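Each chain, letter by letter, is given below.
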Amino acid sequence: MPDLHIPSQRPRTRRLFRCALCGHRLRFGSSQCGACWSRTPLYNRVGFYRGLGVGLVVLTALGFLMSL
Ligand SMILES: [Zn+2]
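Cut-offs used in this document
- Residues numbered from 1 in each chain as written.
- Predicted model: local features only at pLDDT ≥ 70, side-chain atom pairs only at ≥ 80, totals over all residues.
- Heavy atoms only, no water.
- Helix = DSSP H or I, 4+ residues; strand = E, 2+ residues; numbered from the N terminus.
- Buried < 20%, exposed > 50% of the residue type's maximum accessible area, 1.4 Å probe, protein only.
- Donors = N, O, S within 2.8 Å, 3.2 Å for Na, K, Ca; no water.
- Tetrahedral: all angles 85-135°; square planar, octahedral: opposite > 155°, others 65-115°.
- Patch = residues over 30% accessible without salt bridge, like charges linked within 9 Å, V, L, I, M, F, W, Y side chains within 5 Å.
- Areas by Shrake-Rupley, 256 points an atom, 1.4 Å probe, with all protein chains shown as cover.
- Salt bridge = Lys/Arg side-chain N within 4 Å of Asp/Glu carboxyl O.

Participant: I tried to follow unusual backbone geometry on my own but got confused; where do I start?
Facilitator: Glycine aside, residues mostly have negative phi, and peptide bonds are mostly found in the trans state. The residue Trp37 is not glycine, and still its phi comes out positive at about 60°. Tracing the chain through its elements places Trp37 in the segment before helix H1 (46-66). Trp37 sits in the exposed class, given a relative accessible area of 57%.

Participant: I'm lost on the coordination of the zinc ion in this one. Help?
Facilitator: Ideal donor angles around a metal are set by the shape: a four-donor tetrahedron calls for 109.5 degrees, a six-donor octahedron for 90 or 180 degrees. Donor atoms from the polypeptide that coordinate the zinc ion comprise Cys19 (SG), Cys22 (SG), Cys33 (SG) and Cys36 (SG), at 2.3 to 2.4 Å from the metal. Seen from the zinc ion, its 4 donor atoms lie at angles of 107 to 115°, and the figure they make is tetrahedral. Taking relative accessible area as the criterion, Cys19 reaches 8% and is therefore assigned buried. According to the relative accessible area criterion, Cys33 is buried, its value standing at 0%.

Participant: Would you mind showing me how to read a nonpolar patch on the surface here?
Facilitator: A contiguous nonpolar surface patch, about 760 Å² in accessible area, is contributed by Val54, Val58, Leu59, Leu62, Phe64, Leu65 and Leu68. Mapped onto the elements of the fold, Val58 is located in helix H1. Overall, the relative accessible area of 43% leaves Val58 in the partly exposed class.

And the structure:
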């Protein structure tokens, strides 16, 4: 029976994007790169998507009101 190495823990941090300057994988939600400390793009922030969602709801509500 071969001894299969199965990792017992999966990495808990989600790294979706890379730093534009140094290519370091950015921790999702952080506002600074972990390697070169430059500011990360807006789409790496949690608040960006929260604001996007709120904006969409407001726009939908406005569009609904305009159509009345
Ligand atoms: Zn960087």
